[in-house]
Amino acid sequence: MTYDFLIIGGGIAGTSAGARLAALGTTCLLEVEPALAYHTSGRSAALYEANYGHPVTVALNHASLDDHQTLDGGFLSPRGLLMLASEAEAAAFEHDVTAMDLTEISLAEACALVPILNADHITRAAHHDAAWDIDTDRMVQHFARTIRANGSVQTGQTVTALTRMDDGWEVTTNSQTLHARHIVNAAGAWADQIASLAGIEPIGLTPYRRSMARMPAPGGHDVSRWPMIFGAGEAWYAKPDAGAWLVSPAEEEAATPHDAYADDMTLAEGIARYQPFVTEEVTRVTSSWAGLRTFAPDRCLVIGPEPSDPTFLWSAGQGGYGFQTAPAASQLLADLVAGTPPALDDVVVKALSPARFRSK
């Protein structure tokens, strides 16, 4: 059997792209790990904040909102976002408030939202309700079911060779040989390696590590209704998670593609930046992990056909915004394949196209 589309990568980029393309032909998704969303997608902070990211990413965020609210009954639940700053962070705070369309609030109002805040250290606070938790597992499984309705999802499959044939591609894995008319490169941190395997020039993608520490709810509080908290300039962030509390140093440490793990020193430094903003001392971390946020050189996603071979399709460079942008990014890919005029502005489409790296 020859598939119309073979997707390499089972994170949110691959599952969403495969689901959209399943409406256009038979689809097969290959994931190297034993489960979908194993790497970065499974380690996401899982927040939808439409104004968070590069302006092109923000356009994708806004275009994705309707699907986030309606697909499979909706993937979003209320969370809200609180921005905090110390006296030395005023400039970063004002930039973030403008960029994310937040409303400045009093310290008393901020402490009413999160009662452990240290009003002796915090000088500025801003908030809005327009931020939601994303049910990431439900979202991935929704897209996977859509793929299976017109194809297959296969885990434990390592792609070892990609050979261009007259009628498409021969794909060799650790256990089988498959054929497809199109390849979709949704391999996350490994996307440039997949391109090289196919004889396609890499984009120049760079994975960056970001770590997370999980700890008990501060002071035994019920944190379920607390907003996500950002330190100005994204120096750190914190978020409720299933009755516990997550704190991230929000670092960007360039890395090579690998199964990322948290660095203890980086976590300690991030917790030290977070600690002055709260009255409850961090005494115990129950677990930690890290993911790789992979960016193109211009920090925009890479969505669309490869100019040197339009049967090779890119869905890469999500840079930590994969879940937010997935509905619109995957629909754009399907529109480009089908020849349907995209709903996104032409400027945005061009800014996402891999052709921007091939014109020089």
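In what follows, the structure referred to is the one given above.
Residues numbered from 1 in each chain as written. Predicted model: local features only at pLDDT ≥ 70, side-chain atom pairs only at ≥ 80, totals over all residues. Heavy atoms only, no water.

When you go through the protein residue by residue, the secondary structure sums to nine helices and 20 strands. Across its three principal directions, the C-alpha atoms of the protein cover 70 × 40 × 40 Å. Looking at the 360 residues of the protein, the share that counts as buried comes to 56%. Taking as baseline every contact in the protein between residues at least 6 positions apart, the subset at least 24 positions apart corresponds to 72%. When the accessible surface of the protein is summed, it comes to about 14800 Å², and 51% of that surface belongs to carbon and sulfur atoms. Placing the 22 positive and 42 negative side-chain charges of the protein at their respective mean positions leaves the two points 3 Å apart. (Helix = DSSP H or I, 4+ residues; strand = E, 2+ residues; numbered from the N terminus. Buried < 20%, exposed > 50% of the residue type's maximum accessible area, 1.4 Å probe, protein only. Contact = heavy atoms within 4.5 Å. Areas by Shrake-Rupley, 256 points an atom, 1.4 Å probe, with all protein chains shown as cover. Lys, Arg positive; Asp, Glu negative; His and termini not counted. Charge placed at Lys NZ, Arg CZ, Asp CG, Glu CD.)

Further remarks concern the sheet that holds strand β4 (residues 76-78). Read across the sheet, three strands follow the order β3-β8-β4 without closing on themselves; strand pairing throughout is antiparallel. Lying at the two open borders of the sheet, with one neighbouring strand each, are β3 (47-48) and β4. With two bridges connecting them, β3 and strand β8 (residues 132-134) associate as antiparallel partners. Each residue of the ladder has a partner; that of Tyr-48, found in β8, is Trp-132. (Pairing = 2+ DSSP bridges.)

Time to look at empty space enclosed by the protein. Applying the stated criterion to the full structure yields one cavity of 30 Å³ or more. The volume enclosed by the largest cavity comes to roughly 60 Å³. Ala-13, Ser-16, Ser-315, Gln-318 and Ala-329 are, among the 13 residues lining the largest cavity, the residues nearest its centre. Elements that contribute at least two residues to the lining of the largest cavity include exactly α1 (12-21) and α8 (322-338). Class assignment of the residues belonging to the lining of the largest cavity gives a composition of seven nonpolar, six polar and no charged. (1 Å grid on protein atoms, 1.4 Å probe; cavity = no way out; pocket = protein on both sides within 12 Å on 5 of 7 lines; lining within 4 Å. Points joined across faces, edges and corners; volume = space filled by probe spheres on them. Nonpolar A, V, L, I, M, F, W, Y, C, P; charged D, E, K, R; others polar.)

Tallying each qualifying case throughout the model produces 11 aromatic pairs. With a centroid separation of 6.0 Å and an interplanar angle of 65°, the aromatic rings of Tyr-208 and Phe-295 are classed as edge-to-face. With Tyr-208 in strand β13 (residues 206-215) and Phe-295 in strand β18 (residues 287-295), this residue pair connects regions lying 87 residues apart in the sequence. With respect to class, Tyr-208 is no different from Phe-295; both count as buried. Each member of the aromatic cluster is reached from another via a ring pair, and the members are Tyr-52, Tyr-208, Phe-230, Tyr-237, Phe-295 and Tyr-321. Positioned above the aromatic ring of Tyr-321 is the side chain of Arg-293, whose terminal nitrogen or guanidinium carbon lies 5.8 Å from the ring centre. Directly above the ring of Phe-295 sits Arg-299, whose terminal nitrogen or CZ lies 3.7 Å from the centroid. (Phe/Tyr/Trp six-rings, centres within 6.5 Å; stacked < 30°, edge-to-face > 60°. Lys NZ or Arg CZ within 6 Å of the ring centre and 35° of its normal.)

Grouped together as the largest cluster of nonpolar side chains are 41 residues, with contacts concentrated most on Ile-12, Met-139, Val-184, Ile-303, Leu-333 and Leu-352. For this core, the elements supplying multiple residues, two or more each, are β1 (2-8), α1, α2 (55-70), α5 (136-148), α8 and α9 (346-352). With residues up to four places along the chain from it excluded, the contact list for Leu-352 reads Val-56, Leu-60, Leu-301, Val-302, Ile-303 and Leu-332. Counting residues in hydrophobic clusters, the runner-up holds 31 residues, among them Leu-82, Ile-122, Ala-189 and Ala-235. (Core = buried A, V, L, I, M, F, W, Y, C linked by side-chain atoms within 4.5 Å.)

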